[in-house]
Amino acid sequence: MSFMPIILWSDALVFLLLASGIATAWYVRRREHLLLPWRRVAQNATAMVSLLVLSLFLLVGLLDTLHYRAALPETNGGETVYSPEVLSVFDKLVEPLRLQTEKTYSAPFALTLYAKESISDAQGNVLHDYPRLRYGGAHLADVAQRNGDVVKRALTGALGGLLAGLLIALGSRRWLVQHGLPLRPMLIATLLLAALIGATAHLAAAYHVLGTDKVGQDVLYLSLKSIRTGLIIGTVTTLVMLPLALFLGVAAGYFRGWVDDVIQYLYTVLSSIPSVLLIAAAVLMMQVTIDTHPHWFDNSAARADLRLVFLCLILGVTSWTGLCRLLRGETLKLRELEYIQAAQSFGVSSLRILTRHIMPNVMHIILIALVMDFSALVLAEAVLSYVGVGVDPSMISFGTMINAARLEMGREPMVWWALTAAFGFMLVLVLAANLFADAVRDAFDPRLNRTEAVA
Amino acid sequence: MLAYLLRRILYAVPILIGVNLLTFTLFFVVNTPDDMARMQIGIKRVTPEAIEKWKLQRGYDKPLLVNSAASGAGKLTDTIFWQKSASMFAFDFGYSDDGRSIGREIVTRMGPSLAIALPTFFIGLVAYVSFALLMTLFRATALDIAGVALCVLLMSVSGLFYIIGGQFLVSKLWHLVPISGYAGGADSFKFMALPILIGVVGGIGSSSRWYRTIFLEEIGKDYVRTARAKGLSELAVLFRHVLKNAMIPILTGVVVVIPLLFMGSLLTESFFGIPGLGSYTIDAINAQDFSVVRAMVFLGSALYIAGLILTDISYTMVDPRVRLS
Amino acid sequence: MSALLEVNNLITQLRNGTRIVDDISFGIRTGETFALLGESGCGKSMTALSLLRLLPDGVVHAGGTAQLDGVELFGLREREMRGVRGGTAAMIFQEPGLSLNPVLTVGQQIAEALALHQDLRGAAAQQRCAELLAQVGIPDAARRVVEYPFQFSGGMKQRVMIAMALAGQPRLLIADEPTTALDVTIQAQVLQLLRDTQDATGMSLLLITHDLGVVAEMAHQVGVMYAGQIIEQASRTQLFAKPLHPYTQQLFAALPDAGRRGEPLAAIPGSVPPPGSITRGCRFAPRCGKAWELCGEQTPEWTMLEDGGGVRCHLYGEGRRGKREGEIQKGSEAKIESGVYPSPLSLPSSLLEVSDLKVHFPIRKGILQRVVGQVKAVDGVSLAIPQGRTLALVGESGCGKTTLGKALLQLIPPTAGSVQLAGRELTGLAARELRTRGFRAPGAAMQMVFQDPYASLNPKMRVAEILEEGMAALNIGSGSVARQTLIDTLLDQVGLARSAKWRYPHEFSGGQRQRIAIARALAVSPQLLICDEPTSALDVSVQAQILNLLKSLQQELNLSYLFITHNLAVVEYIAHEVCVMYLGRIVERGKTEEVLRAPRHPYTQALLSAVPRIDGKGRGRIRLDGDLPSPANPPPGCHFAPRCGLASARCHEASPEERNVAATHSVRCHHA
């Protein structure tokens, strides 16, 4: 085999999430009343365009989750030796971006480095000038050709993308119409995105579209790699939080009495500690544990990954209280409803009442909370990394990107591109998530569906 | 009322004990003081003597819960738990790694924190409520839709961006105020203006949108219809009827944070170099000064509980139906 | 007299064009009461809101005119319209509890209207507020001006609403179901107040209601609404003497009362169509017993009759007069289900035997949450129900009747007393024991049908799953095949199609949902059904369907019912025996005829006289003052003494014992 698949802890959790997501979708598909609110979401143009954008991010994240170690050319007595470096399918796809590193900072579309250096020309004279980049625009002989070349490449790339987009649009048109999705906005969005991707891809082959960072890595590559980290923080955290919030909240509301007292005590204690401090305290302690047990990890990727998983765990443990309180309140209301009392008068067991009557009727709250939390968590990651209690410094994330770029704020001229790229990508991701979350809330929140009840 | 407050304060005690036990477990049980010492000194250079010395300096050389070597009450008091955790109930926070009294540090740093946080809070509240009222007044018109869209956009932007962008624009490009720093007296305004402005702008998206939802919910209620049937103008309905009722849910989320204003804002203070509790905390986290972090956790939760009690009291002021009993 | 309000061709619709109010015209003369009568969803409230231009978001005025005192309302600018609202025309609403602002004092709220329309402010306004409150019968008005709405009872809140409406000295008062949320004794007070005010001020009243009894007592003119249209208009006397439209006729026939005891009610099949669902022909045609082809094809025109009334029906249209007689004959026969219920054999042995049942809830106070008192929701109730009989438990809200029902089922643990079902003691059994006693377990022998058919079915379960749940929990029917057969039988029994079992509750109307709820209870073959106000959330026409169903099920399955209700007409129709409950105690019991024809307890007498009757007669004028006292702090002695006209010193001191006044009739009163 030329490679060895690696499943990191976070990968496993993502696969678990993906599987449960698919299972849920399959379950919902066959039930009309569960499908109904989703149909309302599907008719919402903003939501569907946001979903399109989100699914692109998701695709990048998923490709970046399939990890492997490549086989090295030499063998050890017939046994294949694998490189210690853990790569992902995404890394392989954008290999040039990953490997074509410059010496240090360079601006977007630049042909030269950001700082002057002493260079010796062919005649052996030493000049103090901006050196040409090793890869960025290396195909150009004359610096003056750059603008024309950029425009040409952008246009041809966009055109190619547009053609591909048109094919996709034509192919999916029937399907869109069949499912009552907003046709025009979806098609326009597809074409625009396809053109953008096409142009970027074509440009990125020859230039550093978003510049390079301190060690010369391509900022576009870093931004794309950050997506996975953001997605994992936003989703795996809910995996931890959800069961805690669901079981404790519902149990507190349904059983009341001492169960309620204990659970309320628990979440009052947890929520009384300002969340950043609690997270900081927990992360500091995790850091101590990780640092004092270096032998637990066979490579740095595994260590960084485990730290990410622990961060999700800590975020989950500190953030279940809000949802728990919501669910407790809703359960208190539900348990007084007559259908619960009818079940009680049949002597239906508490466990059955919880699973058959209460949980299905609080699902909309959970869903709304999950989609709303996602964007908050993505934003939180950046802040936590800044505070110093975020992901491992070696892990590429929006937070680490911002953190590194922030230090260069004072330079003249300013190194603005890394910051802009990180904030820009984050904005698009969070905005799409927020818009989608809004549509989901509108479709699922029974209090907002008043217009149908008129008359 | 008094009995109720007394009960709430009594209830705060087990909560604080819980917080205390939690931090104790986090800081001393999950990792032993030896582990912390090893990490602080650096894994490579560590020797048993260095660890002992590190522990002795910080008073971590005692047993965790029970000191069998001591006699009498000392069995319990001459321990890490008693001296490091239980003592916090007396607001005795001990000393930081650089040997300063944490308690004194907290007192001196509260001022700058409040100087930023208090104006941010009140200007913010007025701004968010006004903006939300405006959107509510023009509900279902283009103005409202644009307002909501703006809110969603603003809340999708990272808080770090507001600070970095604000510093770049206002200080670096326009040279209106200094980039960072802090001074007392008359000078303080020029240092405070930008952090306050950024604090207010940063919260406008989520808060205004949330308040708008509350207002819209109130406006659908029957008493609003009664008010209109009386012949009141829409503006009078909004200000005299809706606003007062909407304050009840708004207070739940708002009053609870007032005591926490003492703690300052982590990000703002550290970016603007304001010597408040926020930057103190963040420095402690970066320096891995566990005693300071522990102290701030305890202080934070005590203030939060104070906020809960304050919320209850504020209810009695806006809602005549609530009688604390 | 000239018309004060003249409405012509009023149309109100949703933004998508669905008409909620469709081409309505009527007039109200000065000093007159015009009642708009109709079932839920017929558009009567929207008509009222249209007139004041207070339509909710998403509903718009789409045509027609309304002249109030010569002013065209829809031609006014919003500013001018505000002078009309609360000035010339004021409005009061159904839910006084929700219609007052909870955080402003009643004085402040009335003063707003005074400032707007009378230009009164400060001390003068305060004084006028107190006068207005006194005028609407609020005792100690000067002091209560500064109180908040939550400090008033439901009836008192509605009085405050009326005072607020009167503040602008309106010429027209629009009352939207003003007494629907109130108990009968309070309803009588409020209706009386409205009449008195009208006499004193000469204002006109637009009364919106679903209750024929209220119409009979209040109205001069009546407009009957159905699916957004007025389908009949007449003076009250005419309408009650000779209703013309088949819908009106059937509405009268669907009312339960003692006169129809032995026979099924003439229920109107189906339910009110949602707005916009019928575009062609007469909207009532699908439910009408007299409809013929034309009714389904052509929308009937409004026909003016000689006596000033009008009707929207082909039976009275041009050129159809010859056909009328025959059709009416055919129709009225066709709809009444044939058959007379045989009077059930009276069985001596009691199925349910309750003695001295008490349900007390502790009141906690202070730092340590010590128990400082008890809310005696049910305070020593005894009753017995024989097999196959119906016992009605009658009382106003807050008297403890629902708590009693739940305590019987052990949904609320009783504090003391015993509940014996078929000779077996139920109190003190744990939930598990109630369940695990096999097919004839006590849990199975008694089931409940709840009030609100929208809250009593889990929206996330199919009908089949809902019906199966009880069987599974109690191990009834072996295997799923047997259970499916049982479910089919149940659906047949309650008159639903078998295909209903694969559908979800939201696909059914209120009446159909109540049928499902009954089927769910029957699924475990109970001997006793506790019906907690099973029809109070339903329209009159649908109520008749459910009452018929319950009666025929009783015949078929020899069921016993404990029928909890506040509706005395339903009691007369369905119950064999009656217990009247007041503040946790039963004050009078006996056979239905005995208690309702010859009530002995002053409370029962007051309750009966408070019910508005459609025949407009037999109305005694026993008016109860004040409200039901709190069960946390009941008056000493006889609980009813403070409101009782007969009360003497003894009543305030000693609680009366239960005393037989006939073999089956007993009463708890010192004076009976």
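Definitions and cut-offs
- Residues numbered from 1 in each chain as written.
- Chains lettered and ligands numbered in written order.
- Predicted model: local features only at pLDDT ≥ 70, side-chain atom pairs only at ≥ 80, totals over all residues.
- Heavy atoms only, no water.
- Helix = DSSP H or I, 4+ residues; strand = E, 2+ residues; numbered from the N terminus.
- Buried < 20%, exposed > 50% of the residue type's maximum accessible area, 1.4 Å probe, protein only.
- Contact = heavy atoms within 4.5 Å.
- Areas by Shrake-Rupley, 256 points an atom, 1.4 Å probe, with all protein chains shown as cover.
- Lys, Arg positive; Asp, Glu negative; His and termini not counted.
- Charge placed at Lys NZ, Arg CZ, Asp CG, Glu CD.
- Buried area = accessible area lost by both parts, 1.4 Å probe.
- Salt bridge = Lys/Arg side-chain N within 4 Å of Asp/Glu carboxyl O.
- Polar contact = N/O pair within 3.5 Å; in protein donor to acceptor, adjacent residues only side chain to side chain.
- Nonpolar A, V, L, I, M, F, W, Y, C, P; charged D, E, K, R; others polar.
- Patch = residues over 30% accessible without salt bridge, like charges linked within 9 Å, V, L, I, M, F, W, Y side chains within 5 Å.
- Expected span 1.5 Å × (residues − 1).
- Domains from an automatic or database assignment.
- Pairing = 2+ DSSP bridges.
- Axes fitted to C-alpha atoms, helices over the stretch in contact; angles between N-to-C directions.
- pLDDT = per-residue confidence, 0-100.
- Core = buried A, V, L, I, M, F, W, Y, C linked by side-chain atoms within 4.5 Å.
- Parallel < 35°, antiparallel > 145°, perpendicular 65-115°, else oblique.
- Left-handed = near helix turned anticlockwise from the far one by under 90°.
- Phe/Tyr/Trp six-rings, centres within 6.5 Å; stacked < 30°, edge-to-face > 60°.
- Lys NZ or Arg CZ within 6 Å of the ring centre and 35° of its normal.

Asks: Break down the overall build of chain B for me, citing the residues and quoting the values.
Replies: Check the secondary structure of chain B and you find 14 helices and zero strands. Reading chain B from its N end, one meets helices and strands in the order α-α-α-α-α-α-α-α-α-α-α-α-α-α. Along the longest, intermediate and shortest principal axes, the C-alpha atoms of chain B span 80 × 55 × 35 Å. Residues classed as buried in chain B amount to 52% of the 325 residues present. Counted over contacts in chain B with a minimum sequence separation of 6, partners at least 24 positions apart contribute 67%. With the model as given, the accessible surface of chain B reaches about 14,300 Å², and the carbon-plus-sulfur share is 69%. Within chain B, the 21 negative side-chain charges are centred at a point lying 6 Å from the centre of the 28 positive side-chain charges.

Asks: Report on the overall build of chain A, specifying residues and quantitative values.
Replies: Scanning chain A from terminus to terminus reveals 15 helices and five strands. Considering only C-alpha atoms, chain A reaches an extent of 100 × 60 × 55 Å along its principal axes. Across chain A, the fraction of contacts at a sequence separation of at least 24, relative to all contacts at a separation of at least 6, is 72%. For chain A, the exposed area adds up to about 21,100 Å²; of that, 66% sits on carbon and sulfur atoms. Positive and negative side-chain charges in chain A, numbering 35 and 33 respectively, have mean positions lying 8 Å apart.

Asks: With reference to specific residues and values, describe the interface of chain A and chain B.
Replies: Across the boundary between the two partners, chain A contributes 49 residues, which contact 48 residues of chain B. Summed over both partners, the interface of chain A with chain B buries about 4,100 Å², with 74% contributed by carbon and sulfur atoms. Among the residues chain A hides against chain B, the three largest losses belong to L277(A), M285(A) and Y386(A). Together they make up 15% of the total. The shortest N-O distance in the salt bridge between R209(B) and D438(A) comes to 2.6 Å. The interface formed by chain A and chain B includes five residue pairs in polar contact (both at pLDDT 80 or more). Contributions of two or more residues to the side of chain A that touches chain B are made by α9 (257-272), α10 (275-292), α13 (350-387), α14 (398-406) and α15 (417-444) of chain A. Looking at the side of chain A that touches chain B, the element that brings in the most residues is α10(A), giving 13 residues. Residue classes in the side of chain A that touches chain B are distributed as 31 nonpolar, nine polar and nine charged.

Asks: Explain a nonpolar patch on the surface to me, and be specific about the residues and the numbers.
Replies: Taken together, the side chains of V13(B), I17(B), L21(B) and F89(B) make up a nonpolar region of the molecular surface, amounting to roughly 320 Å² of accessible area. With respect to the helices and strands, the residue I17(B) is situated in helix α1 (residues 2-29).

Asks: Could you give an account of α9(A), with specific residues and numbers?
Replies: For α9(A), spanning 16 residues, the distance from its first C-alpha to its last is 22 Å, which sits close to the expected 22 Å at 1.5 Å a residue. V259(A), D260(A), I263(A), Y267(A), T268(A), V269(A), L270(A), S271(A) and S272(A) are the residues of α9(A) that are buried. On its buried side, α9(A) packs onto α8 (219-255), α10 and α11 (300-335) of chain A together with α1 and α14 (290-318) of chain B.

Asks: Explain the domain arrangement of chain B to me, and be specific about the residues and the numbers.
Replies: All names here are of chain B. By the assigned domains, chain B splits into domain 1 (2-90) and domain 2 (109-318). Relative placement of domain 1 and domain 2: their C-alpha centres are 36 Å apart. For the pair domain 1 and domain 2, the two sides together bury roughly 1,600 Å², of which 74% comes from carbon and sulfur. Inspection of the domain 1/domain 2 interface yields one residue pair in polar contact (both at pLDDT 80 or more). Sorting the residues of the side of domain 1 that touches domain 2 by element identifies α1 and α2 (33-41) as the ones contributing at least two each. If you tally residues by element for the side of domain 1 that touches domain 2, the top one is α1, at twelve residues.

Asks: I'd love a proper account of the sheet that holds strand β1 (residues 3-14) of chain C, names of residues and values included.
Replies: All names here are of chain C. Across the sheet, four strands lie side by side as β2-β1-β4-β5; this open sheet has antiparallel pairing. Strand pairing shows two members of the sheet lacking a second neighbour, β2 (19-29) and β5 (71-72), which therefore form its edges. As paired strands, β1 and strand β4 (residues 59-68) are joined by eight bridges and run antiparallel to one another. For V7, the partnering residue across the bridge sits in β4 and is A66.

Asks: So, the sheet that holds strand β15 (residues 390-394) of chain C: which residues are in play, and what are the values?
Replies: Residues and elements named next belong to chain C. Here eight strands make up an open sheet; going across it, the order is β18-β19-β20-β15-β21-β22-β24-β23 and the pairing mixed. Two strands lie at the open edges of the sheet, namely β18 (446-449) and β23 (659-660), each paired on one side alone. Pairing of strand β19 (residues 528-532) with strand β20 (residues 560-565), which is carried by five bridges, proceeds in the parallel orientation. Looking at β20, one finds that C531 is bridged to F563. Sitting on the sheet, helix α14 (residues 401-408) touches β15, β18, β19, β20 and β21 (577-582), and the angle it makes with β20 is about 150°.

Asks: Would you mind going over the environment of L192(A) in detail, with residue names and values included?
Replies: Here L192(A) lies in helix α7 (residues 183-204). Remark: the alpha-carbon pair of L192(A) and T101(A), spanning 91 residues in sequence, is separated by 30 Å.

Asks: Outline the interface of chain C and chain A, listing residues and values.
Replies: Each partner contributes to the interface: chain C provides 32 residues, whereas chain A provides 21 residues. Both faces combined, the contact of chain C with chain A buries some 2,400 Å², and carbon together with sulfur accounts for 61% of it. Connecting chain C to chain A are zero salt bridges. With four residues, helix α17 (residues 463-473) of chain C is the largest single contributor of residues to the side of chain C that touches chain A. Each residue belonging to the side of chain C that touches chain A can be placed in one class, and the counts come to 16 nonpolar, eight polar and eight charged.

Asks: Report on the pattern of salt bridges, specifying residues and quantitative values.
Replies: It is possible for side chains bearing opposite charge to pair when their charged atoms get close. All names here are of chain C. Using the criterion set out here, one finds 48 salt bridges over all chains in the structure. Note that D22 and R283 form a salt bridge whose closest N and O atoms lie 2.5 Å from each other. Residue D22 is found in strand β2, and its partner R283 is found in the loop between α11 (246-254) and α12 (293-297); the two are separated by 261 residues along the sequence. Comparing D22 with R283, the two get one shared label, buried.

Asks: Could you give an account of the confidence of the model for chain B, naming the residues involved and the relevant values?
Replies: Looking at chain B, pLDDT values average 86 and 98% of them are 70 or higher. For this predicted complex, the interface confidence comes out at an ipTM of 0.87, alongside a pTM of 0.88.

Asks: So what's going on with the nonpolar core? Which residues, and what values?
Replies: Among the nonpolar cores identified, the biggest contains 391 residues, and Y211(B), F215(B) and F26(C) are the most heavily contacted of them. Not counting the four nearest positions on each side in its chain, Y211(B) is found in contact with L125(B), Y128(B), V129(B), A132(B), I250(B) and V254(B). In this structure, V381(C), A445(C), M448(C) and I564(C) belong to the second largest nonpolar core, which totals 33 residues.

Asks: Talk me through the packing of α10(A) against α14(B); I want residue IDs and the actual numbers.
Replies: Helices that pack against each other are described as a pair by the angle of their axes relative to one another and the distance between those axes. Axis separation between α10(A) and α14(B) bottoms out at 9 Å; the angle between their running directions is 150°. The angle between α10(A) and α14(B) places the two elements in the roughly antiparallel class. Two packed elements cross with a definite hand, and for α10(A) against α14(B) that hand is left-handed. Facing α10(A), whose interface residues are L277(A), A281(A), L284(A), M285(A) and V288(A), α14(B) presents F290(B), V293(B), M296(B) and V297(B).

Asks: Please give an account of the confidence of the model for chain A that cites residues and values.
Replies: Averaged over all residues, the pLDDT of chain A is 87; the fraction at 70 or higher stands at 98%. Below a pLDDT of 50 lies the segment residues 449-455 of chain A, which in the model reaches twelve contacts outside its immediate sequence neighbourhood of four places, other chains included.

Asks: An account of the pairing of strand β5 (residues 126-129) of chain A is requested, with residue identities and associated values reported.
Replies: Residues and elements named next belong to chain A. As paired strands, strand β4 (residues 117-120) and β5 are joined by four bridges and run antiparallel to one another. Paired with I119 across the strands is L127, a residue of β5. Here β4 folds back onto β5, and the loop between the two strands holds five residues, one of which, G124, carries a positive phi near 90°.

Asks: Describe the packing of aromatic side chains, listing the residues and the values that go with them.
Replies: If you walk through the whole model with that rule in mind, you get 22 aromatic pairs over all chains. With centroids separated by 5.4 Å and ring planes inclined at 40°, the aromatic side chains of W210(B) and Y211(B) adopt a geometry described as tilted. Exposure remark for Y211(B): the relative accessible area of 3% places this residue in the buried category. Plain terms: the ring middles of Y226(C) and Y247(C) are 4.6 Å apart, the flat faces sit at 55° to each other, and that makes the pair tilted. Residue Y226(C) is located in strand β9 (residues 221-226), and its partner Y247(C) is located in helix α11; the two are separated by 21 residues in the primary sequence. On the accessibility criterion, Y247(C) (0% relative accessible area) is buried. An aromatic cluster is defined as three or more aromatic residues linked by ring pairs; in this entry it consists of Y105(A), Y114(A), W416(A) and W417(A). Stacked on the ring of F27(B), the Lys or Arg R294(B) has its end atom at 6.0 Å from the ring centre.

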